[in-house]
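# Results of the structural survey
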Amino acid sequence: MKAITVEPKKPGSARYEDFPEPEVGEGSVLVEAVAVGVCGTDVEIVEGKYGWAPPGKKSLVLGHESLGRVIDPGPNSSLKKGDLVVGIVRRPDPVPCPNCAVGEWDMCRNGQYTERGIKEIHGFMSERWRIEPEYVIKVDPSLGILGVLLEPTTVVTKALEQVVAVGQRAFWEPETLLVTGAGPIGLLAAFVASLRGIEVHVLDRVETGLKPELVRDLGAIYHSGSVLDLGFEPDVIIECTGVGSVIADAIQKIGAGGIICLTGVGTGGVASRAVADVAAAAVLKNNVIVGSVNANKRHWYKAAKALANADRKWMGRLITRREKPENFKQALERKPDDIKVIIQFSDI
Ligand code: BGC
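Residues numbered from 1 in each chain as written. Predicted model: local features only at pLDDT ≥ 70, side-chain atom pairs only at ≥ 80, totals over all residues. Heavy atoms only, no water.

### Things to note about the pairing of strand E1 (residues 2–6)
- Among the five residues of E1, four are classified as buried, and the element is accordingly described as predominantly covered.
- Sheet analysis places E1 next to strand E2 (residues 15–18), joined by four bridges and oriented antiparallel. The residue bridging Ala-3 from the neighbouring strand is Glu-17, located in E2.
- For E1 and strand E4 (residues 60–61), the ladder comprises two bridges, and the chain directions are antiparallel. (Buried < 20%, exposed > 50% of the residue type's maximum accessible area, 1.4 Å probe, protein only. Helix = DSSP H or I, 4+ residues; strand = E, 2+ residues; numbered from the N terminus. Pairing = 2+ DSSP bridges.)

### Concerning the packing of aromatic side chains
- Tallied over the entire structure, the rule returns four aromatic pairs.
- Taking 5.0 Å as the distance between ring centres and 70 degrees as the angle between the ring planes, the aromatic pair formed by Tyr-50 and Trp-52 counts as edge-to-face.
- We classify Tyr-50 as partly exposed; its relative accessible area is 26%.
- Where Phe-124 meets Trp-129, the ring centres are 4.6 Å apart and the plane angle is 65 degrees; that geometry is what we call edge-to-face.
- Phe-124 sits in the buried class, given a relative accessible area of 0%.
- Between the NZ or CZ atom of Lys-119 and the centre of the ring of Tyr-113, over which it lies, the distance is 4.4 Å. (Phe/Tyr/Trp six-rings, centres within 6.5 Å; stacked < 30°, edge-to-face > 60°. Lys NZ or Arg CZ within 6 Å of the ring centre and 35° of its normal.)

### Comments concerning the nonpolar core
- Ranked by internal contacts, the top residues of the largest apolar core, which has 95 residues, are Met-125, Leu-150, Leu-177, Ile-238, Met-315 and Leu-318.
- Counting 10 residues, the second-largest nonpolar core is a separate cluster that includes Leu-203, Val-227, Leu-230 and Ile-260. (Core = buried A, V, L, I, M, F, W, Y, C linked by side-chain atoms within 4.5 Å.)

### With respect to the site of the ligand
- Close to the ligand lie Cys-39, Thr-41, Tyr-50, His-64, Val-89, Arg-90, Glu-115, Ile-118, Glu-151, Val-155, Val-293 and Asn-294, which account for all nearby residues.
- Between an oxygen atom of the ligand and a side-chain N or O atom of Glu-151, the distance comes to 2.8 Å.
- In this structure, Asn-294 approaches the ligand through a side-chain N or O atom, which is 2.9 Å from an oxygen atom.
- Its free accessible area being 310 Å², the ligand has 88% of it covered by the protein chains. (Near = heavy atom within 4 Å. Polar contact = N/O pair within 3.5 Å; in protein donor to acceptor, adjacent residues only side chain to side chain. Areas by Shrake-Rupley, 256 points an atom, 1.4 Å probe, with all protein chains shown as cover.)

### A short note on helix H6 (residues 244–253)
- For H6, the set of buried residues is Val-246, Asp-249, Ala-250 and Lys-253. The buried residues of H6 all sit within an arc of 105 degrees when viewed along its axis, so they share a single face.
- Packed against the buried residues of H6 are strand E12 (176–180), strand E15 (236–239) and strand E16 (259–262). (Arc of directions from axis to C-beta. Contact = heavy atoms within 4.5 Å.)

All we've got here are geometric facts, nothing functional implied.
Here it is as structure tokens:
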């Protein structure tokens, strides 16, 4: 079969090549790939900045935002041939740490977790893949290709859950939530937040085009420019850019008792305020800054439900480009109008 592979930490090593069929040991469920979403993490891996091959191997099959069709459900699953499925990304560490021991692999404490297509386990950008039945999520068949948006939806579902958990520390009636960044994670965060009946605002650099339209069609309020220029202090900020200056502005702008959830993974940035001043403001306003990564089964379950009830037309507009596997390099390029780019392996 063919697969998109990369030699982690070796920039420019990604290729679409012949690759051995998945081994039975990788899981008793055999799946035909339908599509795989591309995200910033994939770009980082291809640029040689992130990613780990399976132990003893040189290359890693890329891809963690999967959608596939069951070819063979195997002996131990309730799946049927033809079911549309998505694979959970992370596996618990083998020790296991206390969190992995209770199924909270997203909160792994010792860093020995593994992740499909990212850290030591092959991903989903191959014509066929195998998976353990307990890590398969069946998606509503009427979602069709939109099932490929499930993985990023799990990430924002966890982020929102973290915010709610922190909020419970005191009497808490949040009225306004700001999402910074209108990429796929930002827009999906706005979607998940809008289900909670809170006033949702989204801020991005662009002034016109699909992003503002999608935000408005969600019933949310769109802003461009600086967080500091907003005419209100948000109760919650879901930070989805990973950009240093946006994070700094978010910390400055958050309201009293407010919670900032960081979901973006970036680098660099210049500290524009003295650390103790930032801390003092956080103390005096009871602010919490919480980082959030990955998702466990509870979030996958909740996200699959949210997606199944979503407006298909709105969701469909998030997928702005579909590329063939042989054109994966184009899929990894970020074009100005891109929201979610997917690599389509087979028809649906
Ligand atoms: C993935 C997560 C993963 C994280 C860190 C993200 O792109 O969506 O599942 O935990 O990268 O590797």
